[in-house]
Amino acid sequence: MTTTDVNTNLKTQEYLINMGPQHPAAHGVLRLILTVDGEIIHKVDPDLGYIHRSIEKMCERDTYKQIVHLTDRLDYLSSHINNEAVCLAVENALGIEVPDRVKYIRTIMAELTRLASHQLWWGVMGMDIGALTAFMYAFRDREMINDIMEETVGARLTMNYNIPGGLMFDIHPGFQKKVKDFIKHFRKALPEYNTLLSDNIIFKKRLQGIGYISKEDAIAYGVSGPSARGSGISCDVRKIHPYSAYDKVEFNEILIEGGDSYDRYMVRMKEMEESMNIIDQLIDNIPEGDFQVKTPALIKLPKGEYYQKVETARGELGVFIISDGKKSPYRFKFRSPGFSNLSILDKISRGHKIADLVAIMSSLDFVIPDIDR
Amino acid sequence: MTRTELQSFLTSKVEGLEFGEETTQYLTVTVPREKLRDFMFLLKDTEELAFDYMFSLTAVDWFPKYLGVVYHLESTKYRHILVVHVNTGNREDDISVDTVSDIYPTAHFHEREAYDLMGIVFEGHSDLRRLFLTDDWVGHPLRKDYVDEANMIVK
Amino acid sequence: MYDFSKMTGAIHEWLSSLMPSILVTTIEWVLIGVVFLALFAILGLVLVILERKIAGFFQFRLGPNRVGPYGMFQTVADTVKLLLKELVSTNKVDKFLYNVAPFFVIIAPLMIMAVIPYGFGLTAYDINVGLLFVMAVSSIGVVGILLAGWSSNNKYSLIGAMRSGAVIISYELSMGLSALLAIVLLAGSLNLNDIVMSQQAGWWLFRGHIPAIIAFVIYIITGTAETNRVPFDLTEAESELGAGYHAEYSGIKFAFFFLSEFVNMFIISALAVTIFLGGWLPFHIPGWEGFNNSMNYIPGPVWFFLKTGVIIFLLMWFRWTFPRLRIDQILTLEWKYLLPISLLNLVLMAFVVMMGWVF
């Protein structure tokens with residue numbers, strides 16, 4: 001028997017699929033125009049703007065103190081870190097040195113936000129791959145963080161805790177105990193996460209070898225955050241350009257060399273442990289002192305350009321301010337991690353199947369308002 | 001490389017660069033429009049510079065003179081940062097800049113965003129379409145003289 | 001062991017004494033039809049509430065708890081809602097195929113239910129090729145799914161339907177050819193009642209030892225695939241295709257698809273029980289006379305539904321634990337692993353039967 005008589009030149013026709021703007025895997029209003037042949041993806045063309053709110057244009061109208069509150073709505077899962085980015089940029093521009101207490105609390109809050117964000121991502125990742133129970137596990141634990149936030153900040157998702165010059169209020173008296181309780185609980189819960197998903201053979205097979213990002217590509221496409229560290233690139237802003245209290249704590253930057261979806265997944269899982277380590281080091285050592293410094297009622301930045309990088313749960317958030325000395329910035333640019341991460345989606349998902357695209361999108365952890373701004 | 005080393009190195013390689021003031025956060029350099037691509041190739045390919053990571057591309061409207069693009073570059077090897085400014089010609093009719101999307105693929109999306117919201121035309125860009133707005137949108141919202149009476153609250 | 005054929009026989013004689021035989025046949029048909037439709041509906045209601053309660057159990061939730069005690073009437077309320085809902089359909093659907101598809105999907109499980117023995121003498125349609133009938137009729141369901149996806153005029157539905165077709169057609173091979181045939185070799189009959197009766201000395205799962213256990217595992221895997229449940233739910237694939245082949249259906253037409261999924265699950269479990277776990281036969285432990293005698297007092301249908309419940313719980317456990325496979329992984333699993341294994345298993349079983357190595 002020979003195999004030569006099999007006709008391999010069968011003509012198939014490409015067709016278009018609109019994935020989104022209303023699609024369960026997009027976690028928001030992301031529209032991808034897919035060119036597919038059967039189930040194999042030939043091209044992914046993102047069409048953005050379904051939740052664009054022109055935050056950059058609104059910033060040119062508002063004062064610096066008002067702008068902080070807009071940034072909650074960028075990447076709503078890292079809202080605290082977004083606030084921090086603007087505050088740090090303004091503080092650095094004005095030359096304000098905030099008290100250590102502020103730095104410590106900001107760092108703890110940022111790490112709690114990162115934990116909450118990674119938990120949600122983990123649950124949604126499970127759901128995208130088809131394991132519905134993961135979502136509930138994640139929300140069980142995320143609820144505790146939200147409660148902590150609610151008690152101290154007053155909000156559960158859009159924090160508005162940072163203001164230029166410090167914090168809005170001091171921490172709640174029960175804050176430290178609650179955080180420690182949470183850490184104790186979550187150290188036990190995290191192995192459960194691994195049992196449920198990370199070690200599951202189906203889950204591994206679905207992610208391993210899917211959506212490979214090489215080291216060179218990751219840098220060239222500006223991929224940042226856990227997605228880039230899954231390709232073995234050291235890009236943690238907390239290590240490279242430390243801000244707040246990150247220079248006072250010991251933590252590892254998680255680097256995995258592989259570059260496929262499973263490696264990106266594992267980076268985030270291990271990052272959760274590191275976040276807990278950071279909180280552990282800080283929570284008992286919050287120094288006494290003021291929780292804000294006096295700033296003028298109407299902040300006017302000196303003429304010039306200011307750039308501040310921070311590490312959100314999704315990667316490197318940049319805040320670029322061009323000031324002309326007035327009460328509002330001349331140009332305010334957010335360099336959002338999701339936007340750059342999205343640009344590589346087309347390259348890495350070609351040749352994979354529709355189901356893989358969902359897995360890749362999950363492993364890159366998109367938050368659509370972060371992309372659309 | 002430190003800031004001063006970087007400045008002297010770049011001065012020795014390329015003519016016509018304008019460096020920003022000493023007080024700026026990062027070393028800032030303004031490149032003539034026609035030299036942009038050569039300059040970017042130099043930054044990326046020179047062994048001592050190795051600016052391989054473009055982390056931000058911002059379009060700015062320097063009203064009423066010209067439009068500009070600000071590139072933030074970092075070297076993942078040496079961790080030095082350089083800010084490159086480039087300006088278009090007349091704001092009304094000469095608004096093109098050469099693309100860098102083949103040098104830094106991340107610029108592909110950022111340039112589409114800049115084209116969409118600021119109207120800068122990137123010469124040589126492979127797929128310059130609107131990214132956020134609909135294809136038939138009139139005007140570029142981030143420009144200082146953009147008016148939309150229905151949707152904008154002006155203070 | 002109570003023979004239910006005495007009861008049905010008595011009804012038949014009573015009816016025959018009252019009216020001519022043709023009328024008796026008609027009335028009996030209607031009676032059986034009503035009983036099975038009622039069973040069908042009740043199964044749907046019970047299984048849905050069960051699924052939701054079990055999902056809640058696996059996910060630290062309570063599940064439905066508002067309508068009735070412990071939320072037991074939630075599915076009744078849902079059914080009323082689905083019945084009253086407007087039937088919306090997209091523009092340019094193929095009207096005839098679009099409307100006929102839900103019936104294909106619902107008829108297949110209803111027909112299979114007729115041949116399943118629920119107790120001693122309690123089978124609606126006792127034919128000598130019962131197992132063959134089951135395999136043949138269960139393929140009709142996939143026609144309905146294909147039609148639904150094809151006629152909906154929606155690419156997502158079409159992808160879901162094509163996936164479903166590919167999966168069901170390939171998994172039917174392992175299921176019928178090998179997993180079930182292995183037991184037919186042991187029992188020596190295709191009649192489901194005979195297969196049950198042949199297990200009086202012990203269930204085939206235990207008596208057939210190694211090849212029977214392999215066959216059982218393969219059967220559960222293929223059965224899960226046949227019912228399009230997690231980890232093989234890629235035809236619906238919430239996160240990929242929205243809802244897959246039934247994305248464009250609403251109201252009672254959607255309920256048909258929804259119901260058929262659950263009744264299919266029941267049928268897969270019922271077949272597993274009939275073939276591997278002794279059907280309605282009580283649980284016996286060799287040597288424990290007193291225990292065995294007391295077990296005999298529990299009626300057959302109770303045993304049947306109890307055992308079926310265990311398998312259903314297993315399938316639900318899968319659903320709330322596993323992630324979803326990809327289409328090529330599913331087909332690889334079937335064609336490269338399950339089919340060769342089950343064919344080899346069939347040979348092994350034949351050898352076992354030939355040598356008489358059955359307990």
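Quick note: structure is the one above.
What you see as residue numbers is a count from 1 along each chain, following the sequence as written. The lettering of chains begins at A and the numbering of ligands begins at 1, in the order of writing. With the structure being a predicted model, the display of local features is reserved for residues of pLDDT at least 70 and the display and counting of side-chain atom pairs for 80 or more, all residues being used for whole-chain, interface and lining totals. In computing side-chain properties, one takes all heavy atoms of the structure into account and sets aside hydrogens as well as water.

### A word on the sheet that holds strand 5 (residues 81-87) of chain B
All names here are of chain B.
Moving on, step 1. In short, DSSP must find at least two bridges between two strands for them to pair. Every helix listed is a DSSP run of H or I at least four residues long, and every strand listed is a run of E at least two residues long, numbered separately from the N terminus. Across the sheet, which stays open at both edges, the five strands sit in the order 1-2-5-4-3 with mixed pairing between neighbours. The sheet is open, and its two edges are formed by strand 1 (18-19) and strand 3 (53-62), each paired on a single side.
Moving on, step 2. As judged from the five bridges shared by strand 2 (residues 27-31) and strand 5, these two strands associate in the parallel manner. Its bridge partner lying in strand 5, Val 29 is registered against Val 84.

### Re the interface of chain A and chain C
Moving on, step 1. The criterion used for residue contact is that any of the two residues' heavy atoms lie within 4.5 Å. Listed as interface residues are 33 residues of chain A and, on the opposing side, 25 residues of chain C.
Moving on, step 2. Note on terms: buried area is the combined drop in 1.4 Å-probe accessible area of two parts once they are placed together, counting the loss on both. Across the chain A to chain C interface the summed buried area is about 2500 Å²; carbon plus sulfur atoms make up 61%.
Moving on, step 3. Think of a salt bridge as a Lys or Arg side-chain nitrogen and an Asp or Glu carboxyl oxygen that are within 4 Å of each other. Here chain A and chain C share two salt bridges between them.
Moving on, step 4. With a closest N to O distance of 2.7 Å, Asp 356 of chain A and Arg 326 of chain C form a salt bridge.
Moving on, step 5. Each polar contact in these results corresponds to two N or O atoms within 3.5 Å; when the atoms are within protein, one needs to be able to donate a hydrogen and the other to accept it, and residues that are neighboring in sequence are counted only if both atoms are side-chain atoms. At the surface where chain A touches chain C, the tally comes to eight residue pairs in polar contact (both at pLDDT 80 or more).
Moving on, step 6. Examining the composition of the side of chain A that touches chain C, we find that five residues originate from one element, strand 1 (residues 15-19) of chain A, more than from any other.
Moving on, step 7. Following the grouping adopted for this structure description, the nonpolar residues are Ala, Val, Leu, Ile, Met, Phe, Trp, Tyr, Cys and Pro, the charged ones are Asp, Glu, Lys and Arg, and the polar ones are all others, Gly among them. Of the residues assigned to the side of chain A that touches chain C, the class counts are 20 nonpolar, six polar and seven charged.

### Here's the deal with the side chain of Ser 323 of chain A
All names here are of chain A.
Moving on, step 1. Structurally, Ser 323 is set in strand 7 (residues 316-323).
Moving on, step 2. For each residue, the accessible area found with a 1.4 Å probe, counting protein chains only, is set against the maximum for its type, and the residue is called buried under 20%, exposed over 50%, and partly exposed in between. The class of Ser 323 is buried, set by a relative accessible area of 3%.
Moving on, step 3. Among the polar contacts listed, one links the side chain of Ser 323 to the backbone oxygen of Leu 301, at a separation of 3.0 Å.
Moving on, step 4. Here the side chain of Ser 323 touches Gly 325 through a polar contact of 3.0 Å, landing on its backbone nitrogen.
Moving on, step 5. Those residues in contact with Ser 323, other than ones at most four positions away along the chain, are Tyr 64, Leu 301, Pro 302, Lys 303, Gly 304, Tyr 306 and Tyr 330.

### Remarks on the packing of aromatic side chains
To describe a pair of aromatic rings, you give the distance between the ring centres and the angle between the ring planes.
Moving on, step 1. Ring geometry is summarised as follows: Phe, Tyr and Trp rings, the Trp one being its six-membered ring, pair when their centres sit within 6.5 Å, and such pairs are stacked at plane angles under 30 degrees, edge-to-face over 60 and tilted between the two. Considering all chains together, one arrives at 41 aromatic pairs over all chains under this definition.
Moving on, step 2. On the basis of an interplanar angle of 50 degrees and a centroid distance of 5.9 Å, the ring pair of Phe 313 of chain C and Trp 317 of chain C is categorised as tilted. You can see Phe 313 of chain C and its partner Trp 317 of chain C sitting in helix 13 (residues 300-319), four residues apart, about one turn around the helix.
Moving on, step 3. Residue classification places Phe 313 of chain C among the partly exposed residues on the basis of a relative accessible area of 31%.
Moving on, step 4. By the criterion adopted, a ring carries a charge over it if an Arg CZ or a Lys NZ lies within 6 Å of its centre and within 35 degrees of its normal. The ring of Phe 60 of chain C carries the charged tip of Arg 140 of chain A above its face, separated from the ring centre by 4.4 Å.
Moving on, step 5. Taking the ring centre of Phe 339 of chain A as reference, the NZ or CZ of Arg 373 of chain A above it sits at 5.2 Å.

### Some remarks on the interface of chain A and chain B
Moving on, step 1. With 39 residues of chain A at the contact, the number on the chain B side is 42 residues.
Moving on, step 2. Carbon and sulfur atoms supply 54% of the area buried between chain A and chain B, which totals about 3400 Å² over both sides.
Moving on, step 3. Of all residues in chain A, Lys 57, Tyr 307 and Tyr 330 of chain A give up the largest surface area on contact with chain B, accounting jointly for 19% of the area buried on that side.
Moving on, step 4. Summed over the shared surface of chain A and chain B, the result is five salt bridges.
Moving on, step 5. Glu 113 of chain B is the partner of Lys 333 of chain A in a salt bridge, and the nearest nitrogen-oxygen pair spans 3.4 Å.
Moving on, step 6. Of all the secondary-structure elements, those providing two or more residues to the side of chain A that touches chain B are strand 3 (40-47), helix 1 (55-59), helix 8 (215-220), strand 6 (304-311), strand 7, strand 8 (331-335), helix 12 (337-343) and helix 15 (368-372) of chain A.
Moving on, step 7. Residues belonging to the side of chain A that touches chain B are distributed by class as follows: 15 nonpolar, nine polar and 15 charged.

### Details of the nonpolar core
Moving on, step 1. Nonpolar cores are built from buried Ala, Val, Leu, Ile, Met, Phe, Trp, Tyr and Cys residues. Side-chain atoms within 4.5 Å join them into one set. Of all hydrophobic cores here, the largest spans 90 residues; its most connected members are Leu 345 of chain A together with Phe 39, Met 40, Leu 43, Tyr 71, Leu 82 and Val 84 of chain B.
Moving on, step 2. With near-sequence residues (within four places) excluded, Leu 43 of chain B lies in contact with Leu 10, Leu 49, Ala 50, Phe 51, Leu 73, Leu 82, Val 84 and Tyr 104 of chain B.
Moving on, step 3. By size, the runner-up hydrophobic cluster in this structure holds 83 residues, among which are Ala 138, Met 159, Phe 203 and Ile 254 of chain A.

### Concerning the sheet that holds strand 7 of chain A
Residues and elements named next belong to chain A.
Moving on, step 1. Across the sheet, three strands lie side by side as 6-7-8; this open sheet has antiparallel pairing. Looking at which strands have only one partner, the edges of the open sheet turn out to be strand 6 and strand 8. Each strand axis lies, on average, 10 degrees off the axis of its neighbour in the sheet, ignoring direction.
Moving on, step 2. Sheet analysis places strand 6 next to strand 7, joined by eight bridges and oriented antiparallel. The residue bridging Gly 304 from the neighbouring strand is Ser 323, located in strand 7.
Moving on, step 3. The axes are straight lines fitted to the C-alpha atoms, using for helices just the contacting stretch, and the angles between their N-to-C directions are given from 0 to 180°. Its contacts with the sheet place helix 3 (residues 79-94) against strand 6, strand 7 and strand 8, and it is angled at close to 145 degrees to strand 6.

### A few points about empty space enclosed by the protein
Moving on, step 1. In this analysis, the protein atoms alone were mapped onto a 1 Å grid. Cavities are point sets where a 1.4 Å probe fits without being able to get out; pockets are open sets with protein on both sides within 12 Å along at least five of seven lines; lining residues have an atom within 4 Å of a point. Grid points are joined across faces, edges and corners, and a volume is the space filled by probe spheres set on the points. The tally for this structure, following the rule as stated, stands at seven cavities of 30 Å³ or more.
Moving on, step 2. Here the largest cavity defines a volume of roughly 290 Å³.
Moving on, step 3. Along its surface, the largest cavity is lined by 23 residues, and Ser 138, Ile 168, Glu 226, Thr 227 and Asn 264 of chain C are the ones closest to its centre.
Moving on, step 4. Put simply, the parts of the chain that give the lining of the largest cavity at least two residues each are helix 4 (95-113), helix 5 (130-151), helix 6 (155-187) and helix 11 (251-276) of chain C.
Moving on, step 5. The residue makeup of the lining of the largest cavity, split by class, is 14 nonpolar, six polar and three charged.
Moving on, step 6. Estimates place the volume of the second largest cavity at around 100 Å³.
Moving on, step 7. Taken together, 15 residues line the second largest cavity, and the ones lying closest to its centre are Ser 234, Cys 235 and Glu 316 of chain A together with Tyr 53 and Arg 79 of chain B.
Moving on, step 8. Residue assignment for the lining of the second largest cavity shows that the elements contributing at least two residues are helix 8 and helix 10 (237-240) of chain A.
Moving on, step 9. Looking at the lining of the second largest cavity residue by residue, the class counts come to eight nonpolar, three polar and four charged.

### Focus on the pattern of salt bridges
Moving on, step 1. Tallied over the entire structure, the rule returns 54 salt bridges over all chains.
Moving on, step 2. A salt bridge links Arg 373 of chain A to Glu 56 of chain A; its shortest N-O distance comes to 3.1 Å. With Arg 373 of chain A in the segment after helix 15 and Glu 56 of chain A in helix 1, the pair connects residues that are 317 residues apart, well separated along the chain. A single burial state applies to Arg 373 of chain A and to Glu 56 of chain A, both of which are buried.
Moving on, step 3. The salt bridge involving Arg 319 of chain C is made with Glu 51 of chain C; its shortest N-O contact spans 3.9 Å. Here Arg 319 of chain C, found in helix 13, pairs with Glu 51 of chain C, found in helix 2 (residues 21-58); they are 268 residues apart in sequence, far enough to count as distant.
Moving on, step 4. Look at the salt bridges and you will find they share partners, linking Glu 111, Arg 114, Arg 229, Asp 236, Arg 238, Glu 271 and Glu 311 of chain A into a network.

### As for a nonpolar patch on the surface
Residues and elements named next belong to chain C.
Moving on, step 1. Any residue with relative accessible area above 30% and no salt bridge may belong to a patch, with like charges joined within 9 Å and the nonpolar Val, Leu, Ile, Met, Phe, Trp and Tyr side chains within 5 Å. Residue burial considers only the protein chains on display, and all accessible areas are found by Shrake-Rupley using a 1.4 Å probe. Together, Val 67, Tyr 70, Met 72, Phe 73, Val 76, Val 80, Leu 83 and Leu 84 make up an exposed nonpolar region whose accessible area comes to about 810 Å².
Moving on, step 2. Mapped onto the fold, Met 72 is located in the loop between helix 2 and helix 3 (74-84).
Moving on, step 3. In this structure Met 72 comes out as partly exposed when scored by relative accessible area, which is 40%.

### Overview of helix 3 of chain C
Residue and element names in this part refer to chain C.
Moving on, step 1. Every buried residue of helix 3 is accounted for by Gln 74, Thr 75 and Leu 82. Within helix 3, the buried residues cover an arc of 90 degrees as seen down the axis, which keeps them to one side. Those residues of helix 3 that are exposed and angled more than 90 degrees off the buried face are Leu 83 and Leu 84. To be clear, the arc concerns the directions from the helix axis to the C-beta atoms.

Spatial relationships are all this shows, so hold off on functional conclusions.
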